[in-house]
Amino acid sequence: IAKDSPSLFKGIVHPVEHVSWHDALRFANLLSIHDGLKPVYSNLDGFIQAEFSASGWRLPTESEWEYAARAGSSYRYSGGNDLQQHAWFWDNSGAQTQPVGQMLANDFGLYDMSGNVFEWCWDGYDPNSYQKGDRVDPKGNLDGHTKVRRGGSWYRQGVDLGVVRRFHAPSTEKNAEQGFRLCRSAHPSNK
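Cut-off values and rules
- Residues numbered from 1 in each chain as written.
- Predicted model: local features only at pLDDT ≥ 70, side-chain atom pairs only at ≥ 80, totals over all residues.
- Heavy atoms only, no water.
- Core = buried A, V, L, I, M, F, W, Y, C linked by side-chain atoms within 4.5 Å.
- Buried < 20%, exposed > 50% of the residue type's maximum accessible area, 1.4 Å probe, protein only.
- Helix = DSSP H or I, 4+ residues; strand = E, 2+ residues; numbered from the N terminus.
- Contact = heavy atoms within 4.5 Å.
- Pairing = 2+ DSSP bridges.
- Lys, Arg positive; Asp, Glu negative; His and termini not counted.
- Salt bridge = Lys/Arg side-chain N within 4 Å of Asp/Glu carboxyl O.
- Polar contact = N/O pair within 3.5 Å; in protein donor to acceptor, adjacent residues only side chain to side chain.

Attention now goes to the nonpolar core. Core analysis: the largest hydrophobic core is formed by 16 residues, its most contacted members being Trp21, Leu25, Tyr41, Leu59, Trp122 and Phe180. Taken together, the elements giving at least two residues each to this core come down to helix H1 (21-34) and strand S4 (118-124). Per-element accounting of this core gives the leading share, 5 residues, to H1. Each residue touching Leu59, except ones within four places of it in the same chain, is listed here: Trp21, Ala24, Leu25, Tyr41, Trp120, Cys121, Trp122, Phe180, Arg181, Leu182 and Cys183. In this structure, Ala68, Ala69, Met113 and Val163 belong to the second largest nonpolar core, which totals 7 residues.

Next up, the structure:
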């Protein structure tokens, strides 16, 4: 699907980085088409719409991301309380991303949800989204230009890698700290 990686740190097992939120949506749709699935996103050059009932790949919502990172636990980082065993961050990354899957996984078997690269979420950023409205799965400001990113990165200190930490960036921003993780909605039609 993608012949040329935009990443600063090259390598087939390194996470992709230098991708904007928009790049992640486009890739999700391309991967969905490649896999014979119905794309989730439409109107990518205008007011973007998401059909969460579609079978295709998509960015997780912020709440879905946190649920996956926590994996039913109350650890500080995804998978445990020992940052050195669960995350790539400034003190152990060698000042670059690292191949995925080298640290310990969380209880859902997911790797690198703390550290390595920030991961874009679908939601627009609202600093008060958990204080107002729906506390179960708030969507933030969906028409806003600023989007949520979670997980911390190889470039950050450990304090920035906790599963409760929220970050944001303009949807057009690209840098060596941020990438994405895709998911699919759990619907009977997705089998």
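Moving on, we get to the pairing of S4. Burial of S4 is extensive: 7 of the 7 residues sit out of reach of the surface. With 3 bridges joining them, S4 and strand S5 (residues 146-150) adopt antiparallel strand pairing. Within the sheet, the bridge partner assigned to Gly124 lies in S5 and is Lys147.

So, about the side chain of Asp112. Turning to its location among the elements, Asp112 is positioned in the loop between helix H3 (83-86) and S4. Buried charge without a partner: Asp112 forms no salt bridge, and the closest opposite charge is Arg181, 6.0 Å away. In this structure the side chain of Asp112 is engaged in a polar contact, spanning 3.0 Å, whose partner is the backbone nitrogen of Gly101. Dropping the residues within four chain positions of it, Asp112 is found in contact with Trp88, Val100, Gly101, Met103, Glu119 and Arg181.

Those residues of helix H2 (residues 62-70) lying buried are Glu62, Ser63, Trp65, Glu66, Ala68 and Ala69. Close packing links the buried residues of H2 with S4 and S5.

Moving on, we come to unusual backbone geometry. A negative phi angle is the norm for most residues apart from glycine, just as the trans form is the norm for most peptide bonds. Positioned with a positive phi, Asn43 is a non-glycine residue whose angle comes to about 55°. Of note, Asn43 is situated in the loop between strand S1 (41-42) and strand S2 (49-50). Positive phi, normally seen in glycine, also occurs at Asp112, with a value near 60°. Exposure remark for Asp112: the relative accessible area of 7% places this residue in the buried category.

Let us look at the sheet that holds S4. Here we have 4 strands laid out as an open sheet, ordered S6-S5-S4-S7, and mixed in their pairing. Single-partner strands in this sheet number two, and they are strand S6 (167-170) and strand S7 (178-179).

Here the structure, examined in full by the defined rule, presents 13 salt bridges. Of the charged contacts, one joins Asp45 and Arg26 as a salt bridge, the two residues approaching to 2.9 Å between their closest N and O atoms. Here Asp45 is found in the loop between S1 and S2, whereas its partner Arg26 is found in helix H1, with 19 residues between them in sequence. For Asp45, a relative accessible area of 76% translates into the label exposed. For Arg26, a relative accessible area of 34% puts it in the partly exposed group. Each of the salt bridges in this network shares a partner with another, and the network as a whole consists of Glu62, Glu66, Arg70, Arg150 and Arg166.

Let us look at the environment of Gln49. With respect to the helices and strands, the residue Gln49 is situated in strand S2. In contact with Gln49, not counting residues within four places along its chain, are Val40, Tyr41 and Ser42.

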